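Summary of the model geometry
Here's the letter readout for the chains.
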Amino acid sequence: LPQGYAESSDRYAVVYYHGPSATELSLIPTTLDNLIADGMQPVIAIWAGARLGAGGAYSRYWAEEIVPLVDARYRTRANGEGRVSTGGGMGALAALKGAVDYPDIASGLAIFSIRALDRH
């Protein structure tokens, strides 16, 4: 959750991360902190899980179970404009498949290569 979430009544955008890699997961807080320091609005970051695959079952799980659960539990901007889907490696395929299957769920998509992360 963003710093100050408990004291605020603001609604936040949500970044959904698809992927199982510990390397990737360990970089998310620093990456988000850097983006926020550069002027990005604070966001809620959600690990959507490691049930990855390019099939429709994962897309359905994300769009029909995870997103509504997060919107019900947290103060989100509960529409496509308030969501971004991202992942690397197989997580990138899952994020991309979700964007194709459910184009209105998220307005942003970010995919990246795991190999680029492993070099740092």
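Now for a description of the structure that goes with this document.

Cut-offs used in this document
Residues numbered from 1 in each chain as written. Predicted model: local features only at pLDDT ≥ 70, side-chain atom pairs only at ≥ 80, totals over all residues. Heavy atoms only, no water. Salt bridge = Lys/Arg side-chain N within 4 Å of Asp/Glu carboxyl O. Helix = DSSP H or I, 4+ residues; strand = E, 2+ residues; numbered from the N terminus. Buried < 20%, exposed > 50% of the residue type's maximum accessible area, 1.4 Å probe, protein only. Expected span 1.5 Å × (residues − 1). Bend = angle between axes of the 7 residues up to and from the residue. Contact = heavy atoms within 4.5 Å.

With the rule as written, the count across this model stands at 2 salt bridges. A salt bridge links Asp-71 to Arg-83; its shortest N-O distance comes to 2.5 Å. In this pair, Asp-71 is assigned in helix 2 (residues 56-73) and Arg-83 in strand 3 (residues 83-88), connecting sequence segments 12 residues apart. Each member of the pair Asp-71 and Arg-83 is classed as buried. Between Asp-101 and Lys-97 there is a salt bridge, with the nearest N and O atoms lying 3.1 Å from each other. Highlighted residues: Asp-101 and Lys-97, both in helix 3 (residues 90-101), separated by 4 residues, approximately one helical turn.

The end-to-end C-alpha distance of helix 2 is 25 Å, a good match for the 26 Å that 18 residues give at a rise of 1.5 Å each. Helix geometry: helix 2 is bent most strongly at Trp-62, by close to 30°. Those residues of helix 2 not exposed but buried are Tyr-58, Ser-59, Trp-62, Ala-63, Ile-66, Val-67, Val-70 and Asp-71. Of the surrounding secondary structure, the elements contacted by the buried residues of helix 2 are strand 1 (13-18), strand 2 (43-49), strand 3 and helix 3.

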